[in-house]
Amino acid sequence: METLSGQKVSSGIAMGQAIILTSEEIKVQEAYVDESKIELEVKRFRRALVKSEKDIKKLIGEQDQVHVDVGRIIATSLDFLADDMLSGAIEGAIREQRYTAAYAVCETISTLTEQFKAIDNPAFSSKVADMIDIEHRLLNHLMGGRLNRVQKLTAKTIVIADDLTPSQAVTLDRDKVLAFATEKGSWASHTAILARALGIPAVVAVPHVAHLASIGSQVIVDGDAGVVIVDPSEETRKRYLEKRKRSRRSTVADSNIRRQPSITRDGEEIRIYCNIETKEDVPRVKKYGGTGVGLFRTEFLFLGRQTTLSEDEQYEVYREALEGMEGKMVTIRSMDVGADKFDRRFNARNEPNPFLGERSIRVSFRHTESFKTQMRAIMRAGIHGKVRVMFPLIMDSGDMIRARALIAEARAEVEETGVPFERDLRVGAMIELPSAALNMEALVQHTDFFSIGTNDLTQYTLGVDRLNHRVSNLYAPHHPAVLQLIKHVIKVARRHGKYCSVCGEMAGEPIYIPLLLGLGVRNISVAPPSLPKVKRMVRSLYLSHCHHLADAALRASSADEVMTLLEQGSSK
Ligand code: PEP
Ligand code: MG
């Protein structure tokens, strides 16, 4: 039995068999072959080509069971594979540069995809997906079947990995994952966010867990204590069975709070919305009694998929979400890819510092056609419910002006088709950069509403990477500098009569609720399973106490000092 400690990021207890996932991206080293082996390497490549063609033909044979998108991809992949230009270029790279077959495949296909990506046209985005599919197939054969098909979980499983990218996590079969345990990761990573959204236990930054456990090992993940136990003794197993029973009882208690109003003890209403990642999350917003959807992270519709979604496909997704919410507000965030949510169709490989690079709205400004496609789909879906749209990583009012101009173009394009659509789409900015917070007076002139993304606001204010577990002790949304910015944003929005909420993970942690209310926050958006505990906290508070607490926190000189105040407050 091995007991390992890590960072708890999603509560609950799970016990079961482990599956070990390796990295999603196949790491292909820059490597060369001897002059004498070049022809052998070309032969290896040709064998991989033939095998890939066979795979594809087999898939085409199984076409009825294949998703329509995948069907299109495999048919086009076959065309590409049969294309002598592509195989000629790869063979040329082996012969002339002496690259290994795998490296030649990677280099040739990367160059092509980068060229396709530079062309802002949906037809070329789908070509990028085709090329990626081909690359995966060829590398799979060249590298001995190391491709990781993470979707194929056959039984309920504890997923253990060195690291888990959001696109891996989102493609896992939700009903089969009992828990996550990873060697890397952090509280504000999107994988942790997904675990909380799904309500499954997760512990990250667990040293060596992917090496100590093996496929089929019995594992316990204790998301309440931040502990992972590999091969537990019989006695430990029994103890945890008891503990799990107790934690299930508190889940039952949670459901009782659903119908109670979200008001403080002195009668102030605090609206609690929910964050969702897919339309399948909508029933959970209703189950937990959310006021609406405060953040729909639409990039999860695209991540891990072979193709981008067409306007009609997106329209269907948003329509279903809006209808499912039965007239309650759905706040859709435009696709927020880049950094940890890397998407090869939209992002450049090897950005030196991707969190400071081309991510979020900046990607939309490069891929304006994809952005407008999404906006058209949202406007069209808007007639089926209540919708508004917001943009991630807005830097200043210039970004809003630019985004609004694109929306105006998208509106004119829908108008031309003659289909009904929401004409008065409300447009919001996420406040995730200190520059946006400090630019509020100008921003407010061009923005209908605001949502504070404290996950990013914290990392950019403190200069602490939200993913890097080596500095996770410094990652503090309660740092007085972050609090100053939140207070300022809320104050300016309120003065101009504009709606403002907090949708970062901070809002889902009960300990921060008194602080947020004290700073003037009245709307929050949290993962659905966090709603009961947050509402319980709201119902226990007096605003006057919250204001005192926030004043003291704003005057504090460090995050530790603020935490001491919060802990003292919660023990009263
Ligand atoms: C945030 O940054 O706080 C946020 C809500 O966006 P995401 O976590 O998806 O980056
Ligand atoms: Mg963000």
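About the criteria used
Residues numbered from 1 in each chain as written. Chains lettered and ligands numbered in written order. Predicted model: local features only at pLDDT ≥ 70, side-chain atom pairs only at ≥ 80, totals over all residues. Heavy atoms only, no water. Helix = DSSP H or I, 4+ residues; strand = E, 2+ residues; numbered from the N terminus. Buried < 20%, exposed > 50% of the residue type's maximum accessible area, 1.4 Å probe, protein only. Areas by Shrake-Rupley, 256 points an atom, 1.4 Å probe, with all protein chains shown as cover. 1 Å grid on protein atoms, 1.4 Å probe; cavity = no way out; pocket = protein on both sides within 12 Å on 5 of 7 lines; lining within 4 Å. Points joined across faces, edges and corners; volume = space filled by probe spheres on them. Nonpolar A, V, L, I, M, F, W, Y, C, P; charged D, E, K, R; others polar. Pairing = 2+ DSSP bridges. Axes fitted to C-alpha atoms, helices over the stretch in contact; angles between N-to-C directions. Contact = heavy atoms within 4.5 Å. Core = buried A, V, L, I, M, F, W, Y, C linked by side-chain atoms within 4.5 Å. Near = heavy atom within 4 Å. Polar contact = N/O pair within 3.5 Å; in protein donor to acceptor, adjacent residues only side chain to side chain. Sits in = over half its atoms within 2 Å of the grid points. Phe/Tyr/Trp six-rings, centres within 6.5 Å; stacked < 30°, edge-to-face > 60°. Parallel < 35°, antiparallel > 145°, perpendicular 65-115°, else oblique. Left-handed = near helix turned anticlockwise from the far one by under 90°.

Participant: Would you mind going over the overall build of the chain with me for this structure?
Facilitator: Along its length, the chain carries 23 helices and 16 strands. When the 572 residues of the chain are sorted by exposure, 56% land in the buried category. Surface summary for the chain: the accessible area is close to 24,300 Å², and the carbon and sulfur share equals 50%.

Participant: Where do I start with empty space enclosed by the protein in this structure?
Facilitator: Using a probe with the size of a water molecule, rolled over the atoms, empty space left in the structure can be pinpointed. Counted by the stated rule, this structure contains three cavities of 30 Å³ or more. Size it by volume and the largest cavity reaches roughly 60 Å³. Lining the largest cavity, in full, are His-190, Leu-295, Arg-297, Arg-333, Met-430, Glu-432, Gly-453, Asn-455, Asp-456, Arg-466, Cys-503 and Gly-504. Counting residues per element, the ones that place at least two in the lining of the largest cavity are strand E10 (293-297) and helix H18 (454-462). Along the lines of polarity and charge, the residues of the lining of the largest cavity split into three nonpolar, four polar and five charged. What the second largest cavity holds in volume is close to 50 Å³. In this structure, the second largest cavity is lined by Trp-187, Arg-196, Asn-275, Cys-503, Gly-504, Glu-505, Gly-508, Glu-509, Ser-525, Val-526, Ala-527 and Ser-530. By residue class, the composition of the lining of the second largest cavity is four nonpolar, five polar and three charged.

Participant: Would you explain the sheet that holds strand E8 (residues 227-230) in this entry?
Facilitator: What links the strands of a sheet is backbone hydrogen bonding, and the strands pair in either a parallel or an antiparallel sense. On the basis of which strands lie adjacent, the open sheet formed by eight strands has the order E1-E8-E7-E3-E4-E5-E6-E2 and mixed pairing. Each edge of the open sheet carries a strand with a single partner, namely strand E1 (2-5) and strand E2 (7-10). Between one strand axis and the next, the sheet turns through 30° on average, direction left out of account. Relative to E2, helix H7 (residues 190-198) is tilted by about 50°, and along the sheet it contacts E2, strand E5 (177-182) and strand E6 (202-204).

Participant: Can you walk me through the environment of Val-105 in this structure?
Facilitator: Structurally, Val-105 can be placed in helix H4 (residues 101-117). Along the sequence, Val-105 and His-136 sit 31 residues apart, while their C-alpha atoms lie 9.6 Å from each other. Apart from the residues within four sequence positions on either side, Val-105 is in contact with Phe-45, Ile-90, Glu-135, Leu-138, Leu-139 and Leu-142.

Participant: Could you clarify how one ought to interpret the nonpolar core in this entry?
Facilitator: It is characteristic of soluble globular proteins that their nonpolar side chains tend to be buried jointly. With 114 residues, the main nonpolar core has Phe-180, Phe-296, Phe-391 and Ile-486 as its most contacted residues. Of the residues forming this core, the biggest block, eight residues, is contributed by helix H19 (residues 480-495). When residues no more than four places from it in sequence are discounted, the contact partners of Phe-180 are Val-159, Leu-164, Ala-169, Leu-172, Thr-191, Ala-195, Ile-200, Pro-201, Ala-202, Val-203 and Val-221. Residues Leu-49, Ile-94, Val-128 and Met-131 belong to the second largest nonpolar core, which totals 28 residues.

Participant: Explain the site of ligand 1 to me, please; I cannot follow it from the model alone.
Facilitator: In the region of ligand 1, 15 residues are neighbours, and Arg-297, Arg-333, Glu-432, Gly-453 and Asn-455 sit closest. Contact between ligand 1 and Arg-333: an oxygen atom at 2.8 Å from a side-chain N or O atom of the residue. Here an oxygen atom of ligand 1 and a side-chain polar atom of Arg-466 are 2.9 Å apart. Considered on its own, ligand 1 offers 290 Å² of accessible surface; in the complex 100% of this is hidden by protein. Most atoms of ligand 1, that is more than half of them, are within 2 Å of grid points of the largest cavity. Of all the secondary structure elements, the ones that give two or more residues to the shell around ligand 1 are H7, E10 and H18. Here the element with the most residues in the shell around ligand 1 is H18; it accounts for three residues.

Participant: I'm lost on the environment of Ile-452 in this one. Help?
Facilitator: By the secondary structure assignment, Ile-452 is in strand E14 (residues 449-452). On the basis of relative accessible area, Ile-452 is assigned to the buried category, the value being 0%. With 21 residues separating them along the chain, Ile-452 and Ile-431 place their C-alpha atoms 4.6 Å apart. Setting aside anything within four residues of it in sequence, one finds Ile-452 in contact with Ile-431, Leu-457, Ile-486, Val-489, Ile-490, Cys-500, Ser-501, Val-502, Cys-503 and Gly-504.

Participant: Could you clarify how one ought to interpret the packing of aromatic side chains in this entry?
Facilitator: This model, assessed by the stated rule, comprises seven aromatic pairs. Plain terms: the ring middles of Tyr-99 and Tyr-103 are 4.7 Å apart, the flat faces sit at 75° to each other, and that makes the pair edge-to-face. Judged by its relative accessible area of 15%, Tyr-99 falls in the buried class. For the pair Phe-296 and Tyr-318, a centre-to-centre distance of 6.2 Å together with 85° between the ring planes defines the contact as edge-to-face. Of this pair, Phe-296 sits in strand E10 while Tyr-318 sits in helix H12 (residues 311-324), placing them 22 residues apart in sequence. We note that Phe-296, like Tyr-318, is buried.

Participant: Looking at this structure, I do not really get the packing of helix H3 (residues 84-97) against H4. What am I missing?
Facilitator: Axis angle and axis distance: for two packed helices, these are the angle between their axes and the distance between the axes, and together they describe the pair. Interaxial distance between H3 and H4 falls to 9 Å at its minimum, and their mutual angle equals 130°. Here H4 runs oblique to H3, going by the angle between their axes. Between H3 and H4 lies a crossing whose hand is right-handed. For the pair formed by H3 and H4, the contact residues are Leu-86, Ala-89, Ile-90, Ala-93 and Ile-94 on the first element and Ala-101, Ala-104, Val-105, Thr-108, Ile-109 and Leu-112 on the second.

Everything listed here is a matter of coordinates, which is why it stays silent on function.
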